[in-house]
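This is what each chain is made of:
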Amino acid sequence: FKPKFWQHDFFRSVDYICARSQAIKDGFLGDPPFMPSEDIPLVYSGVDIDRFHPNIINTDIRQSLQITSAVPLVAMIARFQNVKGHHIFQEMVRKVVAEVPDARFIVAGEDVHNVSSDAAYKAKIIDTHNNDPILRDHVSYLGFRDDPENVMAAADVVVCPSEFESYGRVNVEAMAVGKPVVSTNQGGPSETVLHNETGFLVPPNNADGLARYVIQLLQDANL
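Observations concerning the nonpolar core
Formed by 28 residues in total, the largest nonpolar core has its most connected members in M92, V96 and F105. Of all elements in the fold, only strand 1 (73-77), helix 4 (86-99), strand 2 (104-108), strand 4 (157-160), strand 6 (200-202) and helix 10 (207-218) reach the threshold of two or more residues within this core. With eight residues, the single largest contributor to this core is helix 10. If we skip the residues at most four places from it in the chain, M92 touches V74, F105, V159, A207, L210, A211 and V214. In terms of nonpolar packing, the next biggest core, distinct from the first, is built from 24 residues, V71, V151, A176 and L201 among them.

As structure tokens, this is what we get:
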């Protein structure tokens, strides 16, 4: 997120800049900062709580998967991009299924930027899915959804396996829907999720850690 040196004067001259996470602010300013930190207030993105709330009732997704409300369901919502960690999610799935054999998983999102590297990453993820019987039997890819609140409402746990998130809106929306979050702790999630209080955080590229907390949640309804 670091501006080029020749852009510094421009940013110093504008009337107002705000950052929506400390991670964004730190990356923007650099080390040493090229302008005073106090000139950039921190303003976290809000959530539309008329749309994202704990009382959403929607059975369409579970019906489409032909599963009942009793089946443990874990969701990931992200566009296809290497940094989003679909490959880590797949690794996590294998570990969770070993302990919770009836668990199911849904992944919502698409390759939305028409970037060749993103398309190649998606193809690799889908190919891995199609050639792995565990993934094939337990994971469903929903494609692009304009109703993430319904995806979250259908799930018991929402996972964010990203290697880095500048903010991590999905985590905040999931918490607004009343769903437990298991997320990596790089960037914004370390600011918005309180470990062991409003969710669980693990280091990036840690499928074992993600799986451990997902299993714990799926096996403990009270938690």
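Points about the pattern of salt bridges
Close approach of charged atoms allows side chains with opposite charge to pair. This model, assessed by the stated rule, comprises eight salt bridges. Measuring nitrogen to oxygen at the nearest pair gives 3.0 Å for the salt bridge that ties E149 to R51. Taken together, the residues span a long stretch of sequence, with E149 in helix 7 (residues 148-154) and R51 in the loop between helix 2 (22-29) and helix 3 (60-65) at a distance of 98 residues. Here R145 ties to D147 by a salt bridge, and the two come within 2.9 Å at their closest N and O atoms.

Quick look at the packing of helix 4 against helix 10
As a packed pair, helix 4 and helix 10 sit with axes 8 Å apart at the nearest point and diverge in direction by 45 degrees. Relative to helix 10, the element helix 4 is oriented oblique. Where helix 4 crosses over helix 10, the two elements pack in a sense that is right-handed. Across the interface between the two elements, I88, E91, M92, K95, V96 and E99 of helix 4 pack against A207, D208, L210, A211, V214, I215 and L218 of helix 10.

Details of the sheet that holds strand 1
Strand order in the open sheet formed by six strands is 3-2-1-4-5-6, and the pairing between neighbours is parallel. In this open sheet, the two edge strands, each paired with only one partner strand, are strand 3 (139-143) and strand 6. For this sheet the average axis-to-axis angle between neighbouring strands, irrespective of direction, equals 20 degrees. Where helix 8 (residues 169-176) meets the sheet, its contacts fall on strand 1, strand 4 and strand 5 (181-184), and the angle it forms with strand 5 comes to roughly 165 degrees.

So, the pairing of strand 1
Buried residues dominate strand 1, accounting for five of its five residues. Where strand 1 lies against strand 2, five bridges are found, and the strand directions are parallel. Following the sheet pairing, A75 is matched in strand 2 by I106. On the question of chirality, the crossover connecting strand 1 to the parallel strand 2 by way of helix 4 is right-handed. As paired strands, strand 1 and strand 4 are joined by two bridges and run parallel to one another. The residue of strand 4 that forms the bridge with A75 is V158.

Criteria and thresholds
Residues numbered from 1 in each chain as written. Predicted model: local features only at pLDDT ≥ 70, side-chain atom pairs only at ≥ 80, totals over all residues. Heavy atoms only, no water. Core = buried A, V, L, I, M, F, W, Y, C linked by side-chain atoms within 4.5 Å. Buried < 20%, exposed > 50% of the residue type's maximum accessible area, 1.4 Å probe, protein only. Helix = DSSP H or I, 4+ residues; strand = E, 2+ residues; numbered from the N terminus. Contact = heavy atoms within 4.5 Å. Salt bridge = Lys/Arg side-chain N within 4 Å of Asp/Glu carboxyl O. Axes fitted to C-alpha atoms, helices over the stretch in contact; angles between N-to-C directions. Parallel < 35°, antiparallel > 145°, perpendicular 65-115°, else oblique. Left-handed = near helix turned anticlockwise from the far one by under 90°. Pairing = 2+ DSSP bridges. Right-handed = clockwise from strand over helix to strand, strands pointing away.

Everything listed here is a matter of geometry and, on its own, says nothing about what the molecule does.
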